[in-house]
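Next come the chains, spelled out residue by residue.
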Amino acid sequence: MVKIAPSILSADFCNLERDIRRVSAADWLHVDVMDGLFVPNLTIGVPVVASIRRHTQMFLDVHLMIDKPERYIDAFAQAGADLLSVHLEADHPTRIAAALRAMEANGVKKAVALRPITSAKAVLPYLEQLDMVLVMTVEPGFGGQAFMEQQLDTIREVRSLIDRYNPACELEVDGGIAPGTAEKVIEAGANVLVAGSAVYGAEDPARAIELLRTAR
Ligand code: DX5
Ligand code: ZN
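Residues numbered from 1 in each chain as written. Chains lettered and ligands numbered in written order. Predicted model: local features only at pLDDT ≥ 70, side-chain atom pairs only at ≥ 80, totals over all residues. Heavy atoms only, no water.

Draft legend 1. Examining the site of ligand 1 more closely. As a matter of local geometry, ligand 1 sits amid 20 residues, with Asp-32, Gly-141, Asp-174, Gly-196 and Ser-197 nearest to it. Between ligand 1 and Ser-7, the relevant distance is 2.8 Å, taken from an oxygen atom to a side-chain nitrogen or oxygen of the residue. Here an oxygen atom of ligand 1 and a backbone polar atom of Gly-141 are 2.7 Å apart. A total of 380 Å² of accessible area belongs to ligand 1 in isolation, and the protein chains cover 100% of it. At a threshold of 2 Å from the grid points, most atoms of ligand 1 map onto the largest pocket. Secondary structure elements with two or more residues in the shell around ligand 1: β2 (28-34), β3 (59-65) and β8 (192-195). (Near = heavy atom within 4 Å. Polar contact = N/O pair within 3.5 Å; in protein donor to acceptor, adjacent residues only side chain to side chain. Areas by Shrake-Rupley, 256 points an atom, 1.4 Å probe, with all protein chains shown as cover. 1 Å grid on protein atoms, 1.4 Å probe; cavity = no way out; pocket = protein on both sides within 12 Å on 5 of 7 lines; lining within 4 Å. Sits in = over half its atoms within 2 Å of the grid points. Helix = DSSP H or I, 4+ residues; strand = E, 2+ residues; numbered from the N terminus.)

Draft legend 2. Up close: unusual backbone geometry. One non-glycine residue, Lys-68, adopts positive backbone phi at about 45°. Of note, Lys-68 is situated in the loop between β3 and α3 (73-79). Residue classification places Lys-68 among the partly exposed residues on the basis of a relative accessible area of 44%. (Buried < 20%, exposed > 50% of the residue type's maximum accessible area, 1.4 Å probe, protein only.)

Spatial relationships are all this shows, so hold off on functional conclusions.
As structure tokens, this is what we get:
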């Protein structure tokens, strides 16, 4: 079953509670944390995640687009994240491993994320302990960008590694997901679809979520 994770990056931050309620038919809520260093944009930090946690029971899928994410694992876990994704490009492998240990210690689900330039094989050292791999289908930093078709190969490769080494691991895709691209990524093996503009830009977000879920 495909899961849909609307990205609140496309919500109205002055009406965040309302906009979270508008996507309550979704499976997860995707929260994009950006630090202005790892990506050229600044968004949400720990206090906002803590506030969101007080207003919704939804599963909080927190995507950390920050340098040296190990520094903030405890804080985001204590703020109420259910799952944290750290980018493999954001620190040395030993520190990524330490970030994953910190997630384990905090009882949150563990994921690594790949920029488009990073090859599928980069997940191998971590794969057996992961709950999810996140494959970016745009350059991280902004919502509303065009889907990168060449990432379908990476999704297929990650899917085959997951099937081989850790079949319970989820495969999430993020960036440019709309009904047309949703069909392609599901076909390639993704089972969690992040969508910002396709959900929040729609007249009826609940209907947009259903269209994505049944895209294939
Ligand atoms: C981009 C973020 C995405 C973004 C997706 O760096 O990680 O989660 O919100 O937005 P859309 O779905 O509009 O491409
Ligand atoms: Zn994201």
